[in-house]
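Take a look at the letters that make up each chain.
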Amino acid sequence: MADHSAEEMAPTPGERITGFFKRKDVARTTILFVAWTTLFIVLGLVFYPKWMPIVMSKEMKSAESIMIWFTVISAPIAGIVLAVTTNAFLDMHRGDTPPPDGPAIRTNGPIVAIWTIGSLLFALVAIVWGLLEVNSQAVAAGNDAKSAITIEVTGAQWLWTFKYPAQGIETHDLNLPVGVPVVFNVKSADVNHSFWPVQLGVKIDANAQVTTVTRTTPTMIGPIEVKCAELCGLYHAYMETNGAVMSKTDFNAWVVAQGGHTS
Amino acid sequence: MSILDKPKVSSRSIPNPKKSLITRLHMGTGTVVGIIFAALTYYGLKSIYVTYTDKVADPMTTHNNNIILLGAMFAWSVGFLVGIGAFIGPWRWLIGKDLTDEEILYMAGDGQGKKRYFKYCTDHKVVGLQYLVGVMTLLGVGGMMAMMIRTNLARPGAHFVTPTVYNSLVGLHGITMIIAMIIVATGPFGNYIMPIMIGAYDMAFPRLNALSWWVLFTAIPVLCSAWFLGGIPTGWTAYAPLSIQAGPGMNAFLATIIIFAVSTAVAGMNVTTTVVAMRTKGMKWNRVPIFVIGSTISVALAIPAFPTFMAAMVMTSLDRTFNTGFFDANMGGSGWLYSNLFWIMGHPEVYVILIPGVAILMEMAPVFVRKPLFSYNAAILGFAGIAGLSILVWAHHMYMAGWSPALNGPFMVTTEMISIPTGLLFLVLIGTLWRGKPWMKLPMLSIMAFIWDFLIGGVTGIYLSDVPADSYLHGSMFVTAHFHFTLMGAALTGAIGGLAYWYPKMTGRMLNERAGYISFWLVQIGFNVIFFGMFMVGAEGQPRRVVDYAALYKNSNMVSTVGAYSVGIGMIILLWAVIHSWTKGVVAPMNPWGAKTLEWTVPYPVPLTNFDELPIITSDPYGYGKGK
Amino acid sequence: METSTQNQVSGGKHLTSAITFLFLGVAIVATVGFTLHKVSADPQAKMYATTNGTINYNGQNLKHAFITEGVYPEPIASKAHGASGGSHLNWPSYGPATHLVLPAHAYVTMTLHVYDSGEKLNTNYFAKVVGTVGSTATFDGASAGSILATEVQHTFTLHGIPTSTQDPLFVNVPLPRVVADDKGNNIPTNDPGTNKSGHTVVFSFVTGGAGEYVWNCEYPCGDGTYAKFGAVMGSTGYMSGKVSVING
């Protein structure tokens, strides 16, 4: 009997795992984990698209996707952290004397290793995603260069003005034809501003010393807002203007009405 | 006499070195001499440099106005330090008549009672309490400005204040809170508690310790003077060239930072030397309490980082006074030079703020769960990894600046990598909580609040660190919400927990518990309400630092404002608790929490030299748990 | 070690102390807020447009409203900063008001009497007349769509945040400089109506529904600071202000 008892009593790996999850604190933490992870996934999938403005370009879509999917990917990590914390919160000890000592766990090598490798993987996913996106935007910039409309954007304290050299007009509203790539050459007449056509999801600072560039292709007809995203003094808040993405016909008609020419 | 020798304490006579100037100097004499120096400099410079008045229409004379104001502000600071006796020690050393032992003891505050808090006192415990009061003052002023900002944003239309006042509120709230958060953990607790925690009699450079506090003190009126000089049009980042265009109030901002940089440099040298050289026998590096390690890493990071901020401020001042053109495009300068210098400081600086806050929470976690700190080594690696990587990430604040689009990718890589050591910090905390029974006191609540706050801050930071998402989010209220979650969630929550934890050792009494809980919940719930509303409007497209906004953002802004009032009330209640409990609180036993670090082995009032005999350490302070 | 009974016994005293402190704290914050609010009041009284008759515009009969303003090289002449001229005697100023109130859905004719010298704009766009009826203004009686960008003294540039609760409104009118450089000669000693050494600019525009807008000058008439947009340009009540469009 002494010979067999050790083998009979030692649990199998399967038994060990189910035994682990049957423990009260582990079971409760698992339920909390599911709850918190679900909450974060819902935050990413439901709320961000609700809050963010209408997607009118690939860059805007990319920004929205990152916010949604990075939330979903980090949901399990948030889930574990919050599950352990809320589980501990539910176990709280009140009173003027401390609770009895807990187990003397100094570290857990495998957990630390898994955690570190997990974070590394997560960071890599984020890095690769971001780099791929940056690269695809750079490639698009190269491809679209020849067919793009150029707009010279000037930020002054406290208004935006837009010059369309090819069309020979200068305006304070930003109107664009749908489906045509546009390159914004941005400069400041004075202090730092930041050119932000919100629905197009691009942004670039306006500096006095050098012209900066950003580009996009509007994919949908509709109104857009241009805001300033860098504090530039007294009326920074009022440095906003309207604009619209229009059909090519409407855009040409507008250009002519401003006194310009369509090439 | 070396710093490691135990100073002689006269057990019978109170030191009163007659004929010594230092007995007659204090805050009052400092203020008087400071004002005299400032006035002399102001009128002296005014007679040399003609100012912009209706008699002289030359517009370049606005520069002279800046020279005069900056000169007067620095003169005030130097004058105050002269008047309070900061330079007596070095002066006497210079002329070969070094301070006597009695004078040194006098300067340590021996036998002077409450008066020593208003003098140039070298006792680290006095300096710690001075910092505590200073931090609370800055928090109060900064918090008041936050209430003003949120009141204005409650409705669209800028009905409460003008854009000039609002922009000043935003910029000055920012710099006041940044300064407060930099010193909130290492100031009061790094000074008061840390030397006792490592088993030392005092810090390595006691006179520099007093200097770091009083230099900071002189910066406070300078900062407040910005309001009387017309405010500032920039945010706390003071971007050039808007800062060059700014009115006289900008000089107050620049002078404050330059003065503050001296204070942090001095304090940084002191803390690092103390921890490296003065740990008591047996306290090997792997037995040092995590709070000490975190504080040291934090100030060691600050030492190389803050000088670039000071340099940027000096260059801005030179542009504004002697027309140097560092940041003026018309003279071949560039605003990007400023941005780079600023953010080379600015990013490490947020980790200077974060690390001590987390270190305090890690120090408290084992005490309140009665388990060892989970993976002490991971904690150290986490702090060190963050500190090291933080130097390589600065231009993620400049993704949209247009400075160097080719560098966006590399900076994105380094920035995402910081999530790895940061993740280790979370692991240490939740690993400590796991299978423990948390003792629900305010320090424990702070740990849990931090976990929630910094998790949200961290996840939202991941979006911002990715360039294609940042091209939407940069410059919006989303960024503001992100950094409030990280900075307030880590530094402020950690410091409040630390205050509740160490209050018995610093005042001899327990902090009023009920007030602490009420304050905690009002602040934490209010805080989350404010900044969730702000995440929403940021995602919806509201830019930051705007006095007015489109109707779309109306409701969320109103919700945020209500949350802000909750935080305000919660903080007032906390302030009441701190002040009230100081004299009327329940008297505390020597070790109310049953903790194992050295500060809980000394009685209150803590003796002048902390220990009669320096202790000898044989283990780390985390030996909790059954079956060690 | 002290128990919680002591807390209960003196709990009442704690509560009174806490509530008093809370009231005190709120009172201090409220006082600061009130002070900032007072400091932020309009620097001058509002100026209302006067309605006189109707005018036919694009087939619609609109109320015809009139408003007159001036731009002066020195604040005393503007009558917008008191008899002493305020604390910045070197700052040019609009006057007598910087907060204009116009009726909604009206045809507004604005007359500006302008007396300052000037030079070159930072941004040439603002030398064009934009947003007015016919995209022109009359300068001393002669109608034009723009002036030389190098001979501008100030501009009247009216704009606002695009938002769902109000109609957009944008007007930009450049104001031609007075050639004589000596500011002393340009201060009118009589009412602006005498046109003494200044120019008169008249233009009209149509307001939409009720709303709040701002206006500012786009000519860099600040001091020697960067881009000459500091000092007076960065303060309210001189070269910037508000326009309220109201119903009724």
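In this text the structure is predicted, and so the values were computed from the model without any measurement.

Undergrad: Is there a simple way to explain the sheet that holds strand 4 (residues 174-177) of chain A in this structure?
TA: Adjacent strands of a sheet form backbone hydrogen bonds with each other and so pair up, either parallel or antiparallel. Residue and element names in this part refer to chain A. Strand order in this open sheet of five strands is 4-10-9-6-7, and the pairing throughout is mixed. Two strands bound the open sheet, and with one partner strand each, they are strand 4 and strand 7 (204-206). With strand direction ignored, the average angle separating the axes of adjacent strands in the sheet is 25°. Strand direction decides the pairing type here: strand 9 (residues 222-228) and strand 10 (residues 241-246), joined by five bridges, are antiparallel. When the bridges of strand 10 are listed, V226 appears paired with T241. Helix-sheet contacts for helix 6 (residues 248-257) involve strand 4 and strand 10, and the interaxial angle to strand 4 is about 135°.

Undergrad: I tried to follow unusual backbone geometry on my own but got confused; where do I start?
TA: Both trends apply: most residues other than glycine have a negative phi, and most peptide bonds are in trans. The amide bond that connects Q157(A) to the next residue, W158(A), takes the cis arrangement and shows omega of 15°. Positionally, W158(A) belongs in the loop between strand 1 (149-156) and strand 2 (159-164). Of note, the bond from G95(C) into P96(C) is cis; its omega dihedral lies within 30 degrees of zero at 0°. The backbone of R545(B) shows a phi angle near 60°, a positive value even though the residue is not glycine.

Undergrad: It is not clear to me how the nonpolar core should be interpreted in this structure. Could you clarify?
TA: When a protein is soluble and globular, its nonpolar side chains tend to lie buried together. Ranked by size, the top nonpolar core spans 348 residues in total, and within it I151(A), L174(A), M362(B), W502(B) and F203(C) carry the most contacts. The contacts of L174(A), once residues within four sequence positions are left out, are I151(A), F162(A), Y164(A), F184(A), F195(A), P197(A), I224(A), V226(A), N242(A), G243(A) and A244(A).

Undergrad: Even after reading the chapter, I still don't get the domain arrangement of chain A, so can you show me in this structure?
TA: Buried accessible area, meaning the area lost when the parts come together, often serves as the stated size of an interface. All names here are of chain A. Here chain A is described as being made up of domain 1 (13-91 + 105-142) and domain 2 (147-257). Contacts between the two partners involve 11 residues from domain 1, matched on the other side by 16 residues from domain 2. Here domain 1 packs against domain 2, burying approximately 930 Å² in sum over the two surfaces, 62% of which is carbon and sulfur. Our enumeration of links across domain 1 and domain 2 arrives at one salt bridge. In this structure, R215 engages E59 in a salt bridge whose closest nitrogen and oxygen atoms are separated by 3.2 Å. Our count for the contact surface shared by domain 1 and domain 2 stands at six residue pairs in polar contact (both at pLDDT 80 or more). Here the residues of the side of domain 1 that touches domain 2 are counted per class, giving seven nonpolar, two polar and two charged.

Calculation rules
- Residues numbered from 1 in each chain as written.
- Chains lettered and ligands numbered in written order.
- Predicted model: local features only at pLDDT ≥ 70, side-chain atom pairs only at ≥ 80, totals over all residues.
- Heavy atoms only, no water.
- Pairing = 2+ DSSP bridges.
- Helix = DSSP H or I, 4+ residues; strand = E, 2+ residues; numbered from the N terminus.
- Axes fitted to C-alpha atoms, helices over the stretch in contact; angles between N-to-C directions.
- Contact = heavy atoms within 4.5 Å.
- Core = buried A, V, L, I, M, F, W, Y, C linked by side-chain atoms within 4.5 Å.
- Buried < 20%, exposed > 50% of the residue type's maximum accessible area, 1.4 Å probe, protein only.
- Domains from an automatic or database assignment.
- Buried area = accessible area lost by both parts, 1.4 Å probe.
- Salt bridge = Lys/Arg side-chain N within 4 Å of Asp/Glu carboxyl O.
- Polar contact = N/O pair within 3.5 Å; in protein donor to acceptor, adjacent residues only side chain to side chain.
- Nonpolar A, V, L, I, M, F, W, Y, C, P; charged D, E, K, R; others polar.

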